[in-house]
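Listed here are the chains, written in short residue letters.
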Amino acid sequence: MKNGMKKGQVTIFVILGLIIVILVGLALFLKNSVTTPEDKPITVDKELEPLKEYIEECMYLTAKDAIIQIGLSGGYVDPIRADVVPIQGRYTEGPGILFPPPIHGETFDPETADIVPYWWYYDSGNNAKTNRPSLNYGPLSIETQLNEYIRDNLDECFDFLPWEQKGYEIKPKGNKVVKTTIAERNVQVDLDYEISVTLDGSELKMERYRTEVDVKLKNAYTLATRIFETIVDPEAPYLERLTLNVIGPYAMTENSEFPPLMEVVKTGRQRPKIWIEPQVQTKMEELLQDYVPLVHLQGARDNIVPIIINKDPTLQNFFLNFIMPIDKEGISDFHSYYVDFLYLSGNNGWPMHLKINDGGALMGDTIFEINFPMHMAITKYSFKYDISYPVLIRIHEDDAFMGEGYTFQMAYEVNIRRSKPLVGDFSMIEVDTGGTSLFCDEEQKKTGFITVKTKDAVSGQPLADVDLKFDCLAEACSMGTTQLSGGDAIWSGKFPICWGGQLVPTLEDYFGKSQPVSTVIDEPGEVTLELEEFKEIRLEVRKKEIGSNWVFLPDVQDVPLDTDESAMVILKRVPDGAESIHHAVGSALWNWTTPETVRDNLTLVSGKYTIQAYIYKGAGDGFYTEPKELCLAAGDCGGDHKVTLNMSMIGNLDLLENETIEITVEDLQKDKIIIYIPSVNWDDLNYITDLEVMADLKPKYYSYLDALKPKFE
């Protein structure tokens, strides 16, 4: 053959092929057999193995507690630290919700309810906001939160007394340094913590420990992010469109539950139909409570497509809208996850925001009418809906924690304005792919030695055991802990290089005031940080009532709350520079058989605070839905023309950024703080529309803010 190879050429290619196969095999063998320093097993003396296992079991249990809380609170161990403070009963006005929500006047109990942040919501100015945390970058990333929680709570798990009774003499010698890695199939926790152990006269030591927590946290987080990307997509906002599709069939004039979006109808002698907004809201909440749980992810474990027996294609297509397709890339074992969507009606704790046109009694406009030879009228119905309500999204896997199971949940605020989905600025969010920053590595710490001193801001005395964290843009490094030495509480070491960093001190029961620190190569320095002890102070709430003519007088006498009234007070400390934000949240119920009894305290430090405070009234006799003469003109307005609400807000006080109050150290030496809240008199409320005065309450007292400043006694 003219183009054929010679036998010698074939032999050469065969030999080359064998060499390539051998080299590839050798490379794979070396890759799988060589252990990196990070993956080398941690060994200790045989006598210390039981103690090492005990410490690693404590690490596992502490990490497990943190991971469970992170799942229940949408990626946060402590949502309040992230400025997520839901406004109880008004969840569409805050950054998160409570689950399960308190109802019937109960107040938030952290033992029974979790704060779930909105991963997408809108503030009062209709600006899009997100509370979605990063997986492993920044001071509030999930990995950083795990590091800090495990480090700060390990001592609650450690109990070396039984070991000491067995003859172990245990002396911790260093600070705890925790490094958490959220891997594909588990969460890995490494601890550097030097412990000297004397046993039978021999001194031994341990320095490094490792445990793995059997939960696919990264997988759950990635799945939550994929859901988030789908429902917030501005081209097709899933839950908003679904809400409009559910409401649509019920918003028709014939036996309608809701006012129609747009319809022109011919009527006989019957008068145009009338809807009452509070009644519409109650029915809509009940409808969505039934329909939202039908949403399922395509391919998830609990995906159920309702099959209509009569095979009505219209009805079948309606239910197919409840199957949500998502991008499954990067999600292992997708089919093993349960995914649930939940909305609870106002009666069950999550009232929605609903506004239809201008509210009140909603009726059509008669645009043509004749009476002879027969009565005929043409009526135009046109209504624009503003709707906001929360949806809880829960992701669950059964296999985590050796079969105990794991739940990760987040909240989303559905928003419709003028009967259209409210769409904000949005760009698709990339899922963190793992890896850690090099910023905090020891070789990056190139300053000279910097000494940090910590002291009490009030007494000036040194404060030891203060944890130090160095923030630089999106990076955060745990530096160490101050110790008493020579009459000062100090820590000394080298810092990473950062222009415009912040040194943040943390000590339980103290508020740490951060300080700007810019670091330079080889340059030493000294920094003093002050911390102020939190003070608990009794809370008392009193009303200043607006008159029946809706006029606020600054010298009006303040009065106590009635027995069926409750109050919620939120004081938010305004940070000075890069200081952390501190919330003091309190609720109060007064039982006047034992006057002066307060059910809650506030925890405060000195500084400037904004105030949001609310008074709620239990159900009374109810409100007229509209003036009686309107009922008589329109015909039957429904029973006794009254609607009863489970709870009504009758007072509020909003002192925001430009109206802050100053709380001093001297103020906090007093026994109690009295908050004065402008409110309406319950006896002056007759019609449901009277409650609308609450929306315009601030202009009535704005000129008299001095009369509403809190007092300390």
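Residues numbered from 1 in each chain as written. Predicted model: local features only at pLDDT ≥ 70, side-chain atom pairs only at ≥ 80, totals over all residues. Heavy atoms only, no water.

(A) Structural detail: the overall build of the protein. Per the secondary structure count, the protein includes 11 helices and 40 strands. Across the 713 residues that make up the protein, the buried fraction comes to 46%. Pairs at least 24 apart in sequence give 71% of the contacts found in the protein among residues at least 6 apart. Entry remark: accessible area of the protein is about 35,700 Å², with carbon and sulfur atoms responsible for 51%. (Helix = DSSP H or I, 4+ residues; strand = E, 2+ residues; numbered from the N terminus. Buried < 20%, exposed > 50% of the residue type's maximum accessible area, 1.4 Å probe, protein only. Contact = heavy atoms within 4.5 Å. Areas by Shrake-Rupley, 256 points an atom, 1.4 Å probe, with all protein chains shown as cover.)

(B) The arrangement of a nonpolar patch on the surface in detail. On the surface, Ile497, Trp499, Val520 and Ile521 cluster together into a nonpolar patch covering about 440 Å² of accessible area. Structurally, Trp499 is set in the loop between β24 (488–493) and β25 (501–506). By relative accessible area, Trp499 is classed as exposed at 74%. (Patch = residues over 30% accessible without salt bridge, like charges linked within 9 Å, V, L, I, M, F, W, Y side chains within 5 Å. Salt bridge = Lys/Arg side-chain N within 4 Å of Asp/Glu carboxyl O.)

(C) Expanded view of the pairing of β24. Side chains Ala489, Trp491 and Gly493 project from β24 onto a buried face, and the interleaved Asp488, Ile490 and Ser492 project onto a face without burial. Sheet topology places strand β20 (residues 450–456) next to β24; four bridges connect them, and they run antiparallel. Bridging across to β24, Ile450 finds its partner in Gly493. Pairing between strand β23 (residues 483–485) and β24: three bridges, direction antiparallel. The residue of β24 that forms the bridge with Leu484 is Ala489. (Pairing = 2+ DSSP bridges.)

(D) Quick look at the nonpolar core. The biggest cluster of nonpolar side chains holds 111 residues, and the ones touching the most others in it are Ile55, Leu217, Leu223, Ile227, Met284, Leu297 and Phe341. Here Leu223 is in contact with Leu297, Ile326, Ile331, Phe334, Tyr337, Val339 and Ile395, once residues within four sequence places are set aside. Judged by nonpolar contacts, the second largest core, of 34 residues, contains Phe552, Val569, Ile650 and Ile674. (Core = buried A, V, L, I, M, F, W, Y, C linked by side-chain atoms within 4.5 Å.)

(E) Just the packing of aromatic side chains, in detail. Overall, the coordinates contain 20 aromatic pairs when judged by the stated rule. For the ring pair Phe511 and Phe534, a centre distance of 6.2 Å and an interplane angle of 75° mean the geometry is edge-to-face. With Phe511 in strand β26 (residues 510–512) and Phe534 in the loop between β28 (525–533) and β29 (535–546), this residue pair connects regions lying 23 residues apart in the sequence. Using a relative accessible area of 3% as the deciding quantity, one classes Phe511 as buried. Within the aromatic cluster, the residues linked to one another by ring pairs are Tyr54, Phe158, Phe160, Trp163, Tyr168 and Tyr193. Sitting over the face of the ring of Phe401, Lys64 holds its NZ or CZ atom 5.2 Å from the ring centroid. Sitting above the plane of the Tyr193 ring, Lys176 keeps its charged end 5.0 Å from the centroid. (Phe/Tyr/Trp six-rings, centres within 6.5 Å; stacked < 30°, edge-to-face > 60°. Lys NZ or Arg CZ within 6 Å of the ring centre and 35° of its normal.)

(F) Quick look at helix α2 (residues 49–72). The end-to-end C-alpha distance of α2, which contains 24 residues, comes to 35 Å, matching closely the 34 Å that a straight helix rising 1.5 Å per residue would cover. Gly74 lies just past α2 and shows a positive phi near 60°. (Expected span 1.5 Å × (residues − 1).)

(G) Layout of the sheet that holds β25. In space, the four strands of this open sheet follow the order β22-β21-β25-β27, with antiparallel pairing throughout. Either end of the sheet is taken by a strand with one partner, and the two such strands are β22 (475–481) and β27 (515–517). The sheet shows a mean angle of 30° between the axes of neighbouring strands, direction not considered. As judged from the six bridges shared by strand β21 (residues 467–472) and β22, these two strands associate in the antiparallel manner. Looking at the pairing, Phe470 lines up with Cys477 of β22. (Axes fitted to C-alpha atoms, helices over the stretch in contact; angles between N-to-C directions.)

(H) Representation of the confidence of the model for the protein. When pLDDT is averaged along the protein, the result is 78; 73% of the residues meet or exceed 70. This model gives residues 27–38 a pLDDT under 50, and the stretch forms two contacts once residues within four places in sequence are excluded. Low pLDDT, under 50, characterises residues 426–436; the predicted model gives this stretch 29 contacts beyond four residues in sequence or across chains. (pLDDT = per-residue confidence, 0-100.)

(I) Spatial organisation of the pattern of salt bridges. Per the counting criterion, the structure on display carries 27 salt bridges. A salt bridge links Glu93 to Arg90; the nearest nitrogen and oxygen atoms lie 2.3 Å apart. On the basis of relative accessible area, Arg90 is assigned to the buried category, the value being 17%. Between Lys453 and Glu526 there is a salt bridge whose closest N-O contact spans 3.6 Å. Taken together, the residues Lys453 in strand β20 and Glu526 in strand β28 connect sequence positions 73 residues apart. The class for Glu526 is exposed, based on a relative accessible area of 54%. When salt bridges with common partners are traced through the structure, they connect Glu540, Arg542, Asp558 and Lys672 into a single cluster.

(J) Broad picture of the packing of α2 against helix α3 (residues 142–157). The geometry of α2 relative to α3 is characterised by a closest axis approach of 9 Å and an angle of 130° between their N-to-C directions. In terms of axis orientation, α2 runs oblique to α3. Seen along the crossing, α2 lies across α3 with a hand that is right-handed. Facing α2, whose interface residues are Tyr54, Cys58, Met59, Thr62, Ala63, Asp65, Ala66, Ile67 and Ile70, α3 presents Ile142, Leu146, Tyr149, Ile150, Asn153, Leu154 and Cys157. Counted by class, the contact of α2 with α3 contains 13 nonpolar, two polar and one charged residues. (Parallel < 35°, antiparallel > 145°, perpendicular 65-115°, else oblique. Left-handed = near helix turned anticlockwise from the far one by under 90°. Nonpolar A, V, L, I, M, F, W, Y, C, P; charged D, E, K, R; others polar.)

(K) Structural view of the environment of Phe439. Tracing the backbone shows Phe439 in the loop between β19 (420–421) and β20. Since its relative accessible area comes to 16%, Phe439 is described here as buried. Between the alpha carbons of Phe439 and Ala476 there is a distance of 8.4 Å; along the sequence they are 37 residues apart. When near neighbours in sequence (up to four residues on either side) are disregarded, Phe439 contacts Gln444, Phe470, Cys472, Glu475, Cys477, Pro496, Ile497 and Cys498.

(L) Up close: unusual backbone geometry. Between Phe99 and the following residue, Pro100, the backbone shows a cis peptide bond with an omega angle of -10°. Summarising the element assignment, Pro100 is placed in the loop between β1 (96–99) and β2 (114–122). The phi angle at Phe401 is positive, at roughly 50°, despite the residue not being glycine. The topology assignment puts Phe401 in helix α9 (residues 400–403). Look at Phe401 and you get buried, because its relative accessible area is 2%. The backbone of Asp509 shows a phi angle near 75°, a positive value even though the residue is not glycine.

(M) Local environment of the state of the cysteines. Enumeration according to the criterion identifies one disulfide in this entry. Each disulfide pairs two cysteine sulfurs, and for Cys58 the partner residue is Cys157, the sulfurs being separated by 2.2 Å. Given an S-S torsion of about -85°, the disulfide between Cys58 and Cys157 has left-handed geometry. You can see Cys58 sitting in helix α2 and its partner Cys157 sitting in helix α3, a full 99 residues away along the chain. (Disulfide = S-S within 2.5 Å.)

(N) Molecular detail of the packing of helix α6 (residues 238–247) against helix α7 (residues 277–291). The interhelical angle for the contact between α6 and α7, taken along N-to-C directions, is 115°, at an axis separation of 11 Å. The way α6 lies across α7 gives a crossing that is right-handed. Contacts from Thr243, Val246 and Ile247 of α6 reach α7 at Met284, Leu287, Leu288 and Tyr291. Of the residues assigned to the contact of α6 with α7, the class counts are six nonpolar, one polar and no charged.

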